[in-house]
Amino acid sequence: MKSRRVVVTGMAVISPVGAKLERAWDSMVAGRSGIAAITRFDAGALPSRIAGEVKDFDPTAYLPAREARRMDRFMQFGIAAGVDAIHDAGLEITAANAPRFGVYIGSGIGGINTIESTTQLVMEKGARRVSPFYIPMTITNMISGNLSIMHGLQGPNLSMVTACSSGTHAIGEAGRLIEYGDADVMIAGGAEAPLSLTAVAGFSAARALSTRNDEPTAASRPWDIGRDGFVIGEGAGVMVLEEYQHARRRGARIYAELAGFGMSGDAHHITRPAPSGDGAHRCMRNALRNAGLNGEQIDYVNAHGTSTMQGDIAETMALKSTFGAHADQVAISSNKSMIGHLLGAAGGVEAVMTAMSIHRQVIPPTVNLAQPDPQCDLDFVPGQARDARISGALSNSFGFGGTNGTLVFQAV
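Residues numbered from 1 in each chain as written. Predicted model: local features only at pLDDT ≥ 70, side-chain atom pairs only at ≥ 80, totals over all residues. Heavy atoms only, no water.

S.K.: What's the story with the overall build of the protein in this structure? I'm lost.
M.R.: Assigned secondary structure in the protein consists of 13 helices and 14 strands. Scaling as 2.2 N^0.38, a compact globule of 412 residues should have a C-alpha radius of gyration of about 22 Å, and the protein matches this with 20 Å. When the backbone C-alpha atoms are referred to their principal axes, the protein occupies close to 65 × 55 × 40 Å. By residue count, 61% of the 412 residues in the protein fall in the buried class. For the protein, contacts bridging at least 24 residues in sequence account for 79% of all contacts bridging at least 6. Summed over all atoms, the accessible surface of the protein reaches about 15400 Å², with 51% contributed by carbon and sulfur. (Helix = DSSP H or I, 4+ residues; strand = E, 2+ residues; numbered from the N terminus. Rg over C-alpha atoms; globule rule 2.2 N^0.38 Å. Buried < 20%, exposed > 50% of the residue type's maximum accessible area, 1.4 Å probe, protein only. Contact = heavy atoms within 4.5 Å. Areas by Shrake-Rupley, 256 points an atom, 1.4 Å probe, with all protein chains shown as cover.)

S.K.: Explain the packing of helix H10 (residues 278–291) against helix H11 (residues 309–323) here, please?
M.R.: Packed helix pairs are specified by the crossing angle of their axes together with the interaxial distance, meaning the distance between the axes. The N-to-C vectors of H10 and H11 enclose an angle of 40°; their axes lie 8 Å apart at closest approach. When the interaxial angle is binned, H10 and H11 end up oblique. In this structure, H10 crosses over H11, and the sense of that crossing is right-handed. Taken together, the residues of H11 that come into contact with H10 (itself represented by Ala-280, His-281, Met-284 and Leu-288) are Ala-318, Leu-319, Ser-321 and Thr-322. When grouped by side-chain class, the residues that make up the contact of H10 with H11 number five nonpolar, three polar and no charged. (Axes fitted to C-alpha atoms, helices over the stretch in contact; angles between N-to-C directions. Parallel < 35°, antiparallel > 145°, perpendicular 65-115°, else oblique. Left-handed = near helix turned anticlockwise from the far one by under 90°. Nonpolar A, V, L, I, M, F, W, Y, C, P; charged D, E, K, R; others polar.)

S.K.: Can you help me understand the environment of Asp-42 in this one?
M.R.: Position of Asp-42 relative to the elements: it lies in the loop between strand S2 (35–37) and strand S3 (50–52). Classification of Asp-42 as exposed rests on a relative accessible area of 67%. Residues Asp-42 and Ser-196, spaced 154 residues apart in sequence, show a C-alpha to C-alpha distance of 9.4 Å. Of note is the side chain of Asp-42, whose polar atom sits 2.9 Å from the backbone nitrogen of Gly-44. (Polar contact = N/O pair within 3.5 Å; in protein donor to acceptor, adjacent residues only side chain to side chain.)

S.K.: I would appreciate a short explanation of the nonpolar core in the present structure.
M.R.: If you look at soluble globular proteins, the nonpolar side chains tend to sit buried side by side. Counting residues in each nonpolar core, the largest one holds 47 residues, and the members touching the most others are Met-11, Met-239 and Leu-241. Considering every element that reaches this core, the biggest residue donor is helix H13 (residues 346–360), with eight residues. With residues up to four places along the chain from it excluded, the contact list for Met-239 reads Val-8, Gly-10, Met-11, Ile-171, Met-186, Ile-187, Ala-188, Ala-351, Val-352, Ala-355 and Phe-409. Core analysis: the next-biggest nonpolar cluster, separate from the first, contains 33 residues, Ala-12, Val-54, Ala-81 and Ile-86 among them. (Core = buried A, V, L, I, M, F, W, Y, C linked by side-chain atoms within 4.5 Å.)

S.K.: It is not clear to me how the side chain of Asp-72 should be interpreted in this structure. Could you clarify?
M.R.: If you trace the backbone, Asp-72 turns up in the loop between helix H2 (65–69) and helix H3 (73–89). Lacking a salt bridge, the buried Asp-72 has Arg-40 as its closest oppositely charged neighbour, with an N-O distance of 7.5 Å. Ignoring sequence-local partners within four residues, the contact set of Asp-72 consists of Gly-110, Gly-111, Ile-112, Asn-113, Thr-114, Met-137 and Ala-193. (Lys, Arg positive; Asp, Glu negative; His and termini not counted. Salt bridge = Lys/Arg side-chain N within 4 Å of Asp/Glu carboxyl O.)

S.K.: Any chance you could explain unusual backbone geometry here in plain terms?
M.R.: Only a minority of non-glycine residues have a phi that is not negative, and only a minority of peptide bonds are not trans. Look at Trp-223: it is not a glycine, yet its phi comes out positive at around 70°. Structurally, the position occupied by Trp-223 is in the loop between helix H8 (197–205) and strand S7 (235–243). Classification of Trp-223 by relative accessible area gives buried; the value is 0%. We note that Ala-267 has phi near 50°; this positive angle belongs to a residue other than glycine. If you trace the backbone, Ala-267 turns up in the loop between strand S8 (256–265) and H10.

S.K.: Is there a simple way to think about the packing of aromatic side chains in this case?
M.R.: For any pair of aromatic rings, geometry is given as the distance between the ring centres together with the angle between the planes. If you walk through the whole model with that rule in mind, you get five aromatic pairs. Ring geometry for Trp-223 versus Phe-380: centroids 3.9 Å apart, planes at 10°, classification stacked. On the criterion of sequence distance, the pair formed by Trp-223 in the loop between H8 and S7 and Phe-380 in the loop between strand S11 (362–363) and strand S12 (386–387) is long-range, its members being 157 residues apart. Take Phe-380: its relative accessible area is 2%, and that puts it in the buried class. Aromatic rings pair up to connect Phe-57, Tyr-62 and Phe-77 into one cluster. (Phe/Tyr/Trp six-rings, centres within 6.5 Å; stacked < 30°, edge-to-face > 60°.)

S.K.: Teacher, can you tell me more about the pattern of salt bridges here?
M.R.: Pairs can form between side chains of opposite charge whenever their charged atoms are close. All told, the structure shown has 19 salt bridges when counted by the stated rule. When the shortest N-O distance is used, the salt bridge between Glu-53 and Lys-55 registers 2.9 Å. By relative accessible area, Glu-53 is classed as buried at 2%. One network of salt bridges, with partners in common, ties together Arg-4, Arg-100 and Asp-184.

Shown next, in the form of structure tokens:
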């Protein structure tokens, strides 16, 4: 049952191509890459030494310096994006409406930088040196917790951890809270700061990452025959979701409608997708059913598109299964070709960019798609952005453990 419509009235992005929404959008439309050599730590001994780092972010623009030091970087990203999204939406939070306003922001890994540095501190100097803020600095739900406290948001206060689907699942579940009447406004999305030695070493050991270290801007190349793994990245993407009539009454700008949400499980392997793409297909089908749409009503898919050999093929097969003969008419692109894979933040950033595509009627390109894999033969918008009529769009996220999420957005 869907008795209450959900719309997007505010958005924010912290990304490797810009720490503000308009800058990030302009960079993606221009096809600019934010991938470069890792500078956050010494990656010289690792097979993969490149990443999508956020370069122009100052947490003290959002938080007192003392408070910022008590937060892991993923938390700083999520709070900053939440603050910017609230400002973008023009929300006024009062004692009267605060119980109807909530937060739902996820992360796949959480405070891994703080965990790593604290472990090293304990080994070198002993347990007594551990900060009393260690636990609040690392646990995933503290983005939502801090935003709730900062802005007096007294509605649902939740988080989500579903690997690379975390941001997508958080947005989808937040939308359902509004649909079901548990809230009128939800600040929702994902944040991640996984650029630590142990995290990159772990993904490298799994042979998941690109080793195209000498040409980093060309390393993330979804659907290209020369792809050799994903490029890890960091950032945050947050939306303000609002009940439609609530938004109309206050005269809010509406970017798009969150029309549907679907989930599924591959039940196949801890890291590899089902080769047939069946799990992703069922996820998209569930999202379309929830939205009350058929495949012919979708013009664009912001794909998971990670630049992994198996993942790109599986998603292509899933798209064909979902759209049938219409698959050749759907434009598909991957933001990850420019920013890398932001793990738990990917779904948040990509949902924002999908809504922007509808709002601006422009599709950002897939860069580095020089020679398409013969098994990846759909319209992946190679090289250049495209003006297009976009009435309906999907945003896909698929995570370790076989967890899948799809959001459906529509023009209003």
